[in-house]
Amino acid sequence: MCGIVGYVGPKQAYSYLIEGLFRLEYRGYDSAGIAIQDGEQIGIRKKTGRVTELAELCRQEPLKGSIGIGHTRWATHGAPSDTNSHPHVGGNGEVVLAHNGVIENYSILRDRLRELGYVFRTSTDTEVVAHLVAHQLDESIRLGASPTDAKTCVQAVESAIKQIKGTYGLAVLFRDVPDLLVATRLGSPLVVGIGKGEHYLASDASPLVGNTEEVVYLKDHETAVITADSFVLHHQDGSEPVVSIHALAQTSQDTDLGEYEHYMLKEIFEQPQTIENAMRGRLDEDEATAKFGGLNMDAQSLRRIDRIVLTACGTSWHAGLVGEYLIEEFARIPVEVEYASELRYRNPPMSDRTMIFAITQSGETADTLAALRECKRKGHETLAICNTVGSTIAREANGGIYLHAGPEIGVASTKAFTSQVTVLTLLALFLGRMRHLSYPAGQRIIGHLREMPDKIRQTLKCFDAVKEVARKYYTAENFLYLGRLYNFPVALEGALKLKEISYIHAEGYPAAEMKHGPIALVDEHTPSVFIAPRCQIYPKVMSNLEEVKARGGPVIAIACEGDDKIAELADDVIFVPDVDEYLQPLVASIPLQLLAYQIAILRGCNVDRPRNLAKSVTVE
Ligand code: F6R
């Protein structure tokens, strides 16, 4: 939620800042703004709406200078407006800052600052921080500190953040120290790019691609003091942590649209490759198992585990549900899938033999991070299944498995979901082979997994068929998504994809639960999408389908190639390749991603930037 960029060096700051904001726009797109220091004063431009509108404003009213910050906003406190856009000014303009996060005690702080004479011009929580830094600066100056000394400014930031409750990633400029950029974080990510005689700042690594190959991920409670030539870290406890520099793994191709019109479509079509990447180097044919480099647990500790808790939010939670079915079936270990937003405040009994897996694409989701920390505090093994290398969750977990899916930029998660399911299948195989799963069964699973990239390629050929179905139903205002066993989480995920990008109300349900209530929704205007590839209870799914047909509801079926029977019953069928039941979520989710995409396009929605959403939910 919200993206921050910063630059200090010999070049004009504007081009990096604006390009960086375009790349970070997926984190929030209610408004955008930049502030650039020209040596005497800090000029600010901000605008409600997308980054293009800010770029247009800056074309008409350019800003010059070689140090600056930028922000793209997902509104939390205060409606999207030009005034509420960041950067915000503190005091009489001596401080300008951009913020990602939520200041929980802002109203107490605001009252206190008002009493001291500070005037609030916005309804944001962030303005409190700007005034607080200005106030701390003013206090030090009154006690004799020099306003042009960088140390005074850094101390002002450090004193201010001690008074804040909540989360923040902050980028701060000072009018009277024109070569200084201060960045600090707690709960919201920040990464510094190291260049030659220049430094970059961003909320994630994507703006840095093409500008630098060396990055430093800030940790919570760290403050970075940045000039063109120097970069120093301070910890809130007074220490100076060692700067650990990482190589930037992304390339510009990862973030280019290429031949595709939208990131979501590009990412859907990347899935044969991303599923292959999730398996690369992890299949051990000789031992008929999977292997992982980063679990950081020995075989004996893994064998002791008698319960697994998977925790996540949204789409990642749906992947967790598939994981529950897989692990229980292959490894016979009881699994629970917990919403991270609930788990962080619950206190379920968990023994020291419980293993926790946080599942997250971004590695920055606030609730997932909080749940992970809560479990870690209680002494559990906490691992992560994560896509973003170097993200907070990836760094804080005791170990984990990366997805290697490359950056996912479309706000609706697609390739991350299938990669998570692939990794969970490998995990189930791995844990199963340590317990009850036989050698031939392990080999069979490996054989099936190896076929998956091709099966996904074949599945993607349903593109035109899906387009036809979308044309027929895109005006519907309600959809039902129904599936059983492994395809129940797929139904939930299909419904989520549709509602988030097309704004159509959609519900996912286990198909047999329909008759306990939701069947009342069925009428001739409400299509039901049945995820019905052949499975052990196929005849039962067919009965559920007949129940909907009998009540006049249109049925769209996702079925195995060659299933003539379903073609006679359903109004429309989208065929997918026949795969073993436990792999069906991988193939069956693809037509549902495409269906949501096509319907959203036909309804004129912005598929990559749906309203009210942001890619990384870094606030609670
Ligand atoms: C839906 C979607 C969200 C995320 C959720 C968790 O398409 O993308 O529901 O899955 O916000 O995000 P991560 O996986 O980054 O923790």
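A quick note: this is a predicted structure, and the numbers were derived from the prediction, not measured.

**Student:** Explain the overall build of the chain here, please?
**Tutor:** The helix and strand inventory of the chain stands at 20 helices and 26 strands. At 26 Å, the chain has a C-alpha radius of gyration in line with the 25 Å of a compact globule built from 620 residues. Overall, the chain is about 85 × 55 × 40 Å in size when its C-alpha atoms are taken along their principal axes. Each of the 620 residues in the chain was classed as buried or not, and the buried ones make up 61%. Here the analysis covers contacts within the chain between residues at least 6 apart in sequence; of these, 72% occur between residues at least 24 apart. For the chain, the accessible area works out to roughly 23,400 Å², and carbon and sulfur atoms hold 48% of it. Between the averaged position of the 62 positive side-chain charges in the chain and that of its 80 negative side-chain charges there is a distance of 2 Å.

**Student:** What am I meant to see in the site of the ligand here?
**Tutor:** Lining the immediate surroundings of the ligand are 15 residues, of which S316, Q361, S362, T365 and E500 lie closest. Separating an oxygen atom of the ligand from a backbone N or O atom of Q361 is a distance of 2.7 Å. Between E500 and the ligand, the recorded distance is 2.5 Å, taken from a side-chain N or O atom to an oxygen atom. Protein chains bury 90% of the 400 Å² of accessible surface belonging to the ligand in isolation. Going through the elements one at a time, helix 10 (314-331) and helix 17 (487-502) are the ones with two or more residues in the shell around the ligand.

**Student:** Please explain the nonpolar core as it appears in this structure.
**Tutor:** For soluble globular proteins, nonpolar side chains are generally found buried alongside one another. Counting 96 residues, the largest nonpolar core has I308, F357, F479 and Y481 as the members making the most contacts within it. Viewed by domain, this core spans two of them, domain 2 (260-437) and domain 3 (463-608), each represented by three or more residues. Aside from chain neighbours lying at most four places away, what touches F479 is Y473, L498, I504, H505, A506, E507, T526, P527, V529, I556 and I599. Among the nonpolar cores identified, the runner-up in size contains 30 residues, and V128, A130, V133 and V154 belong to it.

**Student:** Would you mind going over unusual backbone geometry with me for this structure?
**Tutor:** Generally, phi is negative for residues other than glycine and the peptide bonds are trans, each holding for most cases. Residues H86 and P87 are joined by a peptide bond in cis, for which omega reads -5 degrees. With respect to the element layout, P87 can be found in the loop between strand 4 (67-73) and strand 5 (88-90). Within the chain, H221 stands out as a residue other than glycine whose phi angle is a positive 70 degrees. Its location among the elements puts H221 in the loop between strand 11 (214-217) and strand 12 (222-226). A positive phi angle, near 55 degrees, is found at H404, a position not held by glycine.

**Student:** In this structure, what is going on with the pairing of strand 4? I would like to understand it.
**Tutor:** The two faces of a sheet get side chains in turn, since along a regular strand they alternate between them. Of all seven residues that make up strand 4, seven are buried, and the element is covered over most of its length. Neither face of strand 4 is open: one carries I67, I69, H71 and R73, the other G68, G70 and T72, and all of them are buried. The sheet contact formed by strand 2 (residues 31-37) and strand 4 spans seven bridges and is antiparallel. Bridge assignment links Q37 to a residue of strand 4, and that residue is I67.

**Student:** Please clarify how the packing of aromatic side chains should be interpreted in this entry.
**Tutor:** The geometry of two aromatic rings is summed up by the distance between their centres and the angle between their planes. Here the structure, examined in full by the defined rule, presents 10 aromatic pairs. Aromatic pair Y7 and Y16: ring centres 6.3 Å apart, planes at 45 degrees, arrangement tilted. Accessibility expressed as a relative area gives 2% for Y7, which makes it buried. Among the aromatic residues, those joined into a cluster by ring pairs are Y7, Y16 and Y200. If you follow R611 out to its NZ or CZ, it ends over the ring of Y503, 3.8 Å from the centre.

**Student:** Help me understand the packing of helix 17 against helix 20 (residues 584-602), please; the structure alone is not making it clear to me.
**Tutor:** Helix-helix packing is characterised by the crossing angle of the two axes and by the distance between the axes. Viewed as axis vectors pointing N to C, helix 17 and helix 20 meet at an angle of 20 degrees, and their least axial separation amounts to 9 Å. The angle between helix 17 and helix 20 falls in the class roughly parallel. For the pair helix 17 and helix 20, the crossing hand works out as right-handed. Listed contacts from helix 20 to N487, V490, G494, K497, L498, I501 and S502 of helix 17 are Q584, P585, A588, S589, L592, A596, Y597, I599 and A600. Its residues assigned to classes, the contact of helix 17 with helix 20 shows 10 nonpolar, five polar and one charged.

Cut-offs used in this document
- Residues numbered from 1 in each chain as written.
- Predicted model: local features only at pLDDT ≥ 70, side-chain atom pairs only at ≥ 80, totals over all residues.
- Heavy atoms only, no water.
- Helix = DSSP H or I, 4+ residues; strand = E, 2+ residues; numbered from the N terminus.
- Rg over C-alpha atoms; globule rule 2.2 N^0.38 Å.
- Buried < 20%, exposed > 50% of the residue type's maximum accessible area, 1.4 Å probe, protein only.
- Contact = heavy atoms within 4.5 Å.
- Areas by Shrake-Rupley, 256 points an atom, 1.4 Å probe, with all protein chains shown as cover.
- Lys, Arg positive; Asp, Glu negative; His and termini not counted.
- Charge placed at Lys NZ, Arg CZ, Asp CG, Glu CD.
- Near = heavy atom within 4 Å.
- Polar contact = N/O pair within 3.5 Å; in protein donor to acceptor, adjacent residues only side chain to side chain.
- Core = buried A, V, L, I, M, F, W, Y, C linked by side-chain atoms within 4.5 Å.
- Domains from an automatic or database assignment.
- Pairing = 2+ DSSP bridges.
- Phe/Tyr/Trp six-rings, centres within 6.5 Å; stacked < 30°, edge-to-face > 60°.
- Lys NZ or Arg CZ within 6 Å of the ring centre and 35° of its normal.
- Axes fitted to C-alpha atoms, helices over the stretch in contact; angles between N-to-C directions.
- Parallel < 35°, antiparallel > 145°, perpendicular 65-115°, else oblique.
- Left-handed = near helix turned anticlockwise from the far one by under 90°.
- Nonpolar A, V, L, I, M, F, W, Y, C, P; charged D, E, K, R; others polar.

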